[in-house]
Structure formats: C-alpha cells, structure tokens
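Residue-level structural notes
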Amino acid sequence: MSAANSWELRTVDGAGWLFLRGDWRVAQLDKALQFFSWAKDGRDCTEISVAELDAADSATLAVLLEWTQQATGRGVPLRIHGASPKLRELASLYSLQDILPLCHD
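Residues numbered from 1 in each chain as written. Predicted model: local features only at pLDDT ≥ 70, side-chain atom pairs only at ≥ 80, totals over all residues. Heavy atoms only, no water.

Its location among the elements puts Ser6 in strand β1 (residues 5-12). For the pair Ser6 and Phe19, spaced 13 residues apart in sequence, the C-alpha separation works out to 8.5 Å. (Helix = DSSP H or I, 4+ residues; strand = E, 2+ residues; numbered from the N terminus.)

Structure follows, in structure tokens:
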C-alpha cells in the first residue's frame, strides 16, 4: 500500500482511534482495502479520524457506513471525527448525516 492511502492506529485519551490518511476516493479505495481488515485492524477502535484525508467521495462514505453498521452490530458506538465540510455536505446530500456518527469537533 502506498502512503497515498493509509491508516494508522493511535491511542487518544485511552481510546483506540483509527486515523485515515491520503486519498480514499473510489479509484484508490480498492487498493487500500486490499490491505485492511476492519475485523483485524480496526476492531479495537471506537473513534475514526478522517481529518488527515486528502480526498474522499461517496465510496469513502460507503466504507464508513459499513464500519458503523458493523460496530453497531457488536454493540460498540463508533464516532467519526474531522470530516471536512465537503464530506459533510456529501453525507447530507445522501441523507446520511443522521446515520453516520459524524462528530462536530
């Protein structure tokens, strides 16, 4: 996987956070996800930061929605931090603002 689309696990205030970086639009997403398994790499994360993304699109929202549903199924609340105004606007366009746990921080 290139540095253009990557992730890093970090502990913030005792909680596991998953920081997404780079270009997570549809053209690059397939490459990134070939190396990432939410069940393995993100299982302990309850917080996701998208603040370091260079680019995002509807495919990014689809992945975040899937991860949210998986976390809900496990009874774990998931929160998404650092969404850009453009990503928030896209979530609103698809009426996902009430489904995706986008934090206003």
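With that settled, the discussion passes to the side chain of Asp57. Along the chain, Asp57 falls in the loop between β3 (45-55) and α3 (58-73). Classification of Asp57 by relative accessible area gives buried; the value is 16%. At a separation of 3.0 Å, a polar atom in the side chain of Asp57 contacts the main-chain amide nitrogen of Ala59. Sequence-distant contacts of Asp57, defined by excluding residues within four places in its chain, comprise Trp24, Arg25, Val26 and Leu90. (Buried < 20%, exposed > 50% of the residue type's maximum accessible area, 1.4 Å probe, protein only. Polar contact = N/O pair within 3.5 Å; in protein donor to acceptor, adjacent residues only side chain to side chain. Contact = heavy atoms within 4.5 Å.)

With that settled, the discussion passes to α3. Relative to the 22 Å expected for 16 residues at 1.5 Å per residue, α3 spans 22 Å between its end C-alpha atoms, a close match to the ideal helical length. Regarding α3, the residues found buried are Ala59, Thr60, Leu61, Val63, Leu64, Leu65, Trp67, Thr68 and Ala71. For α3, the side-chain oxygen to backbone nitrogen distance between the N-cap and Ala59 is 3.0 Å, and the N-cap itself is Asp57. Of the residues trailing α3, Gly75 is marked for its positive phi of about 75°. (Expected span 1.5 Å × (residues − 1).)

Right, let's talk about the packing of aromatic side chains for a bit. Under the definition given, this model contains one aromatic pair. With centroids separated by 5.7 Å and ring planes inclined at 20°, the aromatic side chains of Trp17 and Phe19 adopt a geometry described as stacked. Among the residues examined, Phe19 registers a relative accessible area of 10% and is labelled buried. Its end group placed over the ring of Phe19, Arg10 keeps NZ or CZ at 3.8 Å from the ring centre. (Phe/Tyr/Trp six-rings, centres within 6.5 Å; stacked < 30°, edge-to-face > 60°. Lys NZ or Arg CZ within 6 Å of the ring centre and 35° of its normal.)

If you walk across this open sheet you meet the four strands as β1-β2-β3-β4, and the pairing is mixed. For this open sheet the edge positions go to β1 and β4 (79-81), each flanked by a neighbour on one side alone. On average, each strand axis in the sheet is inclined to that of its neighbour by 25°, with strand direction left out of account. Bridge analysis of β3 against β4 gives three bridges, and the strand direction is parallel. (Pairing = 2+ DSSP bridges. Axes fitted to C-alpha atoms, helices over the stretch in contact; angles between N-to-C directions.)

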